[in-house]
Amino acid sequence: MTARTQRTRLIAAAAVLATGSLLLTACGSNTASSGSAGAAGPAAIPTQAIPAASADPALAALLPADVKSSGKLVVAADASYAPNEFKDESGKIVGMDIDLAVAIAQKLGLTADVQNADFTSIIPGITSNKYQLGMSSFTDTKEREATVDMITYFTAGSAAAVKKGNPAKIDPKDLCGKKVAVQTGTTQADEIKDVRNPDCVKAGKPTIPNDGDKFTLQTDVTQSLMAGREQVMLADSPVIDYALKQTGGQLEKLGDTYDSAPYGAIVNKGSELTKAVQGAITALIADGTYKTILDKWGVSAGAVTTSEINAAKS
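Residues numbered from 1 in each chain as written. Predicted model: local features only at pLDDT ≥ 70, side-chain atom pairs only at ≥ 80, totals over all residues. Heavy atoms only, no water.

J.: Would you take a moment to explain the packing of helix α3 (residues 96-107) against helix α9 (residues 273-287) for this structure?
T.: Think of two packed helices as two axes; the pair is described by the angle between the axes and how far apart they sit. The geometry of α3 relative to α9 is characterised by a closest axis approach of 9 Å and an angle of 105° between their N-to-C directions. Of the possible angle classes, the one that applies to α3 and α9 is roughly perpendicular. Here L100, A103, I104 and K107 of α3 come into contact with α9, specifically with V277, A280, I281, A283, L284 and D287. By residue class, the composition of the contact of α3 with α9 is eight nonpolar, no polar and two charged. (Axes fitted to C-alpha atoms, helices over the stretch in contact; angles between N-to-C directions. Helix = DSSP H or I, 4+ residues; strand = E, 2+ residues; numbered from the N terminus. Parallel < 35°, antiparallel > 145°, perpendicular 65-115°, else oblique. Contact = heavy atoms within 4.5 Å. Nonpolar A, V, L, I, M, F, W, Y, C, P; charged D, E, K, R; others polar.)

Have a look at this one:
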């Protein structure tokens, strides 16, 4: 894809993006250490309130007995991937995926209990029943569908960003030998390992070192690019677009969005939750709540008209 397949995920170290609260440290990075990258302007988090979704008794009837009796839906999200899921200045997890998760829970007559989790721990957390729903910009893939059920709700692509003016003169179609930052476990990380570097070898060119510099948090990916330790970063298209806004013009998009594919909400394989969640998403699309949420976060370009179960093409 794009969007984080195995996913896909802004300023000085220890600085906060005003109301965006995107704290940028190198914690979780397995490459470069933290360093100053310059400050971006304040990030404006939308304040629009999303009306509570009305519960649908027919959908609630589809819920597993234990979930229904608990009255809550335990949702996992990696809160480092603005605008889809991140923390505001108070530490509350917010974003497009979070608003959708809350609305899905409401439609099912439940309350959403949103918990922060490392991206690569979410699927194991779903299969071990630690979480009941994963809403964290997961690209729907055949590989993931072998382990969990994926209910589509959005479409995103991959994109690249560089420092303003593209000082390294990066060609988005030829990253051979360049320092490229990605979030660990994302589609973009797989893209480097499985597509870009093999193509570099075939062309007789140097590969992207280390199959890309990988970071646990997307915020660290962006910081490393801004600090000049990387020449380019790859991430999901809405994440790149949002980063451009939050860095005060210090970054620019490189080339076009490519490899668009659907995001999928994740539930345990064969769970009764699968049809309940799909039904909730379908109802939210029909009643306009879905559009209101996407409009709020400025990501309406990724809207879908139908929700499908395990519909990956690759």
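J.: Looking at this structure, how should I read the confidence of the model for the protein?
T.: Put simply, the protein has an average pLDDT of 86, and 86% of its residues get 70 or more. Across residues 5-42, where pLDDT falls below 50, the model places 158 contacts with residues more than four positions away in sequence or in other chains. (pLDDT = per-residue confidence, 0-100.)

J.: Any chance you could explain the sheet that holds strand β4 (residues 93-94) here in plain terms?
T.: Sheet strands pair by backbone hydrogen bonding; their relative direction is either parallel or antiparallel. Ordered by their spatial adjacency, three strands build an open sheet running β2-β3-β4, and the pairing between neighbours is antiparallel. For this open sheet the edge positions go to β2 (80-81) and β4, each flanked by a neighbour on one side alone. Sheet topology places strand β3 (residues 85-87) next to β4; two bridges connect them, and they run antiparallel. Bridging from a neighbouring strand, F86 pairs with V94 of β4. (Pairing = 2+ DSSP bridges.)

J.: Honestly, the state of the cysteines in this entry has me stumped. Any pointers?
T.: A disulfide bridge is the covalent bond that connects two cysteines by way of their sulfur atoms. Within this structure, the stated rule accounts for one disulfide. Shown here is the disulfide that connects C176 with C200, its sulfur atoms set 2.0 Å apart. Of note, the bridge from C176 to C200 carries an S-S torsion of about -95° and is left-handed in sense. Taken together, the positions of C176 in the loop between β7 (148-163) and β8 (180-183) and C200 in helix α6 (residues 187-202) put the pair 24 residues apart, joining distant regions of the chain. In this structure C176 comes out as buried when scored by relative accessible area, which is 15%. Overall, C200 belongs to the buried group, its relative accessible area being 2%. (Disulfide = S-S within 2.5 Å. Buried < 20%, exposed > 50% of the residue type's maximum accessible area, 1.4 Å probe, protein only.)

J.: Please clarify how the side chain of S158 should be interpreted in this entry.
T.: Within the secondary structure layout, S158 lies in strand β7. Relative accessible area serves as the criterion here: at 0%, S158 is assigned to the buried category.

J.: I tried to follow the pairing of β7 on my own but got confused; where do I start?
T.: Looking down a regular strand, the side chains alternate between one sheet face and the other. Counting buried positions along β7 yields 14 of 16 residues, so the element is predominantly enclosed. Of the pairings in the sheet, the one linking β7 to strand β11 (residues 251-268) comprises 13 bridges and is antiparallel in character. Considered in β11, the bridge of V148 is made with N268.

J.: Could you clarify how one ought to interpret the pattern of salt bridges in this entry?
T.: Two side chains with opposite charge may pair up if their charged atoms get near one another. Applying the stated criterion across every chain yields a total of 10 salt bridges. The closest approach of N and O atoms between E191 and R196, which form a salt bridge, is 2.6 Å. Comparing E191 with R196, the two get one shared label, buried. (Salt bridge = Lys/Arg side-chain N within 4 Å of Asp/Glu carboxyl O.)

J.: What is the right way to read α9 from this model?
T.: Since the α-helix packs 3.6 residues into each turn, any two residues three or four apart lie on the same face. Here α9 contains 15 residues, and its C-alpha end-to-end distance of 21 Å stays within 8% of the 21 Å for a straight helix at 1.5 Å per residue. Every buried residue of α9 is listed here: L273, T274, A276, V277, G279, A280, I281, A283 and L284. The first or second residue beyond α9 is G288, which carries a positive phi of 90°. (Expected span 1.5 Å × (residues − 1).)

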